[in-house]
Amino acid sequence: VNGVGVNYGLLGNDLPPPSRTIEVLKSGAVTKIRIFTPDHGVLDALRGSDIEVFIGTLNEDLPALANDPSFASNWVRTHVAPYADSVIISGVVAGNDAAVGPYAGRITGAMQNLDNALSAAGIYVPVTTAVSYGVMGASYPPSRGSFKDGGVMADVARFLSSKGYPLLANIFPYFAYVSDPGHIQSSYALLKNDGSVLVPDGSLVYTNLFDAMVDAVYSALERVGVGNVRVIVSETGWPSAAGPYANIPNAQEYNNNLARLVRSGTGTPKRPEMTREAYILAMYNENLNPPGIENHWGLYYPNLQKVYPVNLY
């Protein structure tokens, strides 16, 4: 199974309708997407398709989801149950980047109540959350990876481990590279994987920054006693404008190299038996994101012209 997906964000006032977007995704043989909110227009467009979807909750809903089981039941009844028979649901994602914000302490309770509500509705899909790299206290070398706030992430990780659910992590070599271009080689950040850069870590050797960052998360999970949790990369990519080293050639190279890495069917050095799964940010350049670099992560312009060609499959 190919593990390359696309994040389908909706922060634009000039985006094509979901039905057209799903047609484009199908024509590109994309079989996995992630949406940040339970948008019914997108979910309706997915009916009867072969495209799997991770459905996200709003961060602002985490307190109610955690504190009120009936709110979680109603959320499932409204946003998941009507689609369970006609849409392939990969899972429900309780919040995005919330583990370093004011709702951090509500994530585990929200996941638990959503999981109970889904089970009560006869819907058996994973419940997880998507975390930013800001949860990491240490990440280099990968074997030293640890969480900054062991309490919140330990609770999240233990819940996921007890259910056999994955952790979603947003992994951006771009930001790591921009923060330290003097010590990180561009070929390592752009995932060239050509053997020009070899970074040893004990008995393991890293040829690209993406794998090193993912394995640091695996090390952090091991440190809180749950090394069995699988990491899915819920966001990754490279901006095509408006920032240092942000240009179309680099964005195209990164995403093509990422797809090739995922297509290889092998895992990271720390988890070689576990196939990679990663979701590219994003389907479109979204003009309602904060001005600047946030507007330039898309594979497509809103007029459905490609920003640059990427061979995802």
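Residues numbered from 1 in each chain as written. Predicted model: local features only at pLDDT ≥ 70, side-chain atom pairs only at ≥ 80, totals over all residues. Heavy atoms only, no water.

On record in UniProt, under Sequence similarities (unreviewed entry), the comment for the protein is "Belongs to the glycosyl hydrolase 17 family." (UniProt positions renumbered as here; feature names shortened; annotations may be inferred.)

What follows is about helix 10 (residues 248-263). The terminal C-alpha atoms of helix 10, which comprises 16 residues, lie 22 Å apart, in line with the 22 Å expected from a rise of 1.5 Å per residue. Asn250, Ala251, Tyr254, Asn255, Asn256, Asn257, Leu258, Ala259, Leu261 and Val262 are the residues of helix 10 that are buried. Against strand 1 (4-7), helix 7 (173-179), helix 8 (186-189), helix 9 (209-223), strand 11 (231-236) and strand 12 (278-281) lie the buried residues of helix 10. Of the residues flanking the start of helix 10, the one acting as N-cap is Asn247, its side-chain oxygen 2.8 Å from the backbone nitrogen of Asn250. Of the residues one or two after helix 10, Gly265 is the one with positive phi, at around 80°. (Helix = DSSP H or I, 4+ residues; strand = E, 2+ residues; numbered from the N terminus. Expected span 1.5 Å × (residues − 1). Buried < 20%, exposed > 50% of the residue type's maximum accessible area, 1.4 Å probe, protein only. Contact = heavy atoms within 4.5 Å. Polar contact = N/O pair within 3.5 Å; in protein donor to acceptor, adjacent residues only side chain to side chain.)

Here strand 12 shows no split at all, with Ala278 and Ile280 on one side and Tyr279 and Leu281 on the other all buried. Two strands pair when backbone bridges link them, and strand 1 and strand 12 are joined in this way by 4 bridges, in the parallel orientation. Counted as the bridge partner of Val4 is Ala278 from strand 12. With helix 10 bridging strand 11 and its parallel neighbour strand 12, the resulting β-α-β unit is right-handed. (Pairing = 2+ DSSP bridges. Right-handed = clockwise from strand over helix to strand, strands pointing away.)

Cis geometry is found at the peptide bond from Tyr140 to Pro141, where omega equals -10°. Here Pro141 is to be found in the loop between strand 6 (136-138) and strand 7 (146-147). Cis geometry marks the peptide bond from Leu281 to Ala282, where omega comes out at 10°. Checked against the element boundaries, Ala282 lands in the segment after strand 12. Even without a glycine there, the phi angle at Asp97 is positive, about 60°. Checked against the element boundaries, Asp97 lands in the loop between strand 4 (88-96) and helix 5 (107-120). Among the residues examined, Asp97 registers a relative accessible area of 32% and is labelled partly exposed. Within the chain, Leu191 stands out as a residue other than glycine whose phi angle is a positive 65°. For Leu191, the location among the structural elements is in the loop between helix 8 and strand 9 (199-201). Taking relative accessible area as the criterion, Leu191 reaches 3% and is therefore assigned buried.

Here the focus is the nonpolar core. Within the largest apolar cluster, 103 residues are counted, with the highest numbers of intra-cluster contacts made by Ile33, Leu46, Leu114, Leu167, Ile171, Phe210 and Leu221. Looking at this core element by element, the count peaks at 10 residues for helix 9. Once you skip the residues sitting within four places of it in the chain, Leu46 turns out to touch Ile22, Ile33, Ile51, Val53, Ser86 and Val87. With 6 residues, the next largest nonpolar core counts Val93, Ala130, Ile232 and Tyr279 among its residues. (Core = buried A, V, L, I, M, F, W, Y, C linked by side-chain atoms within 4.5 Å.)

The next thing to look at is empty space enclosed by the protein. In this approach a probe as big as a water molecule rolls over the atoms, and the regions it shows empty are the leftover space. Inspection of the entire model under this criterion finds 1 cavity of 30 Å³ or more. Surrounding the largest cavity, Phe210, Val214, Tyr218, Val231, Val233, Gly267, Thr268, Arg271, Met274, Thr275, Arg276 and Glu277 form its lining. Breaking the lining of the largest cavity down by element, the ones donating at least two residues are helix 9 and strand 11. Broken down by element, the residue count for the lining of the largest cavity peaks at 3 residues, all from helix 9. (1 Å grid on protein atoms, 1.4 Å probe; cavity = no way out; pocket = protein on both sides within 12 Å on 5 of 7 lines; lining within 4 Å. Points joined across faces, edges and corners; volume = space filled by probe spheres on them.)

Right, let's talk about the pattern of salt bridges for a bit. A side chain of one charge can pair with a side chain of the opposite charge when the charged atoms of the two come close. Tallied over the full model, the rule gives 11 salt bridges. The salt bridge involving Glu52 is made with Lys32; its shortest N-O contact spans 3.7 Å. Of this pair, Glu52 sits in strand 3 (residues 52-56) while Lys32 is found in strand 2 (residues 32-35), placing the two residues 20 residues apart along the sequence. Glu52 sits in the partly exposed class, given a relative accessible area of 23%. (Salt bridge = Lys/Arg side-chain N within 4 Å of Asp/Glu carboxyl O.)

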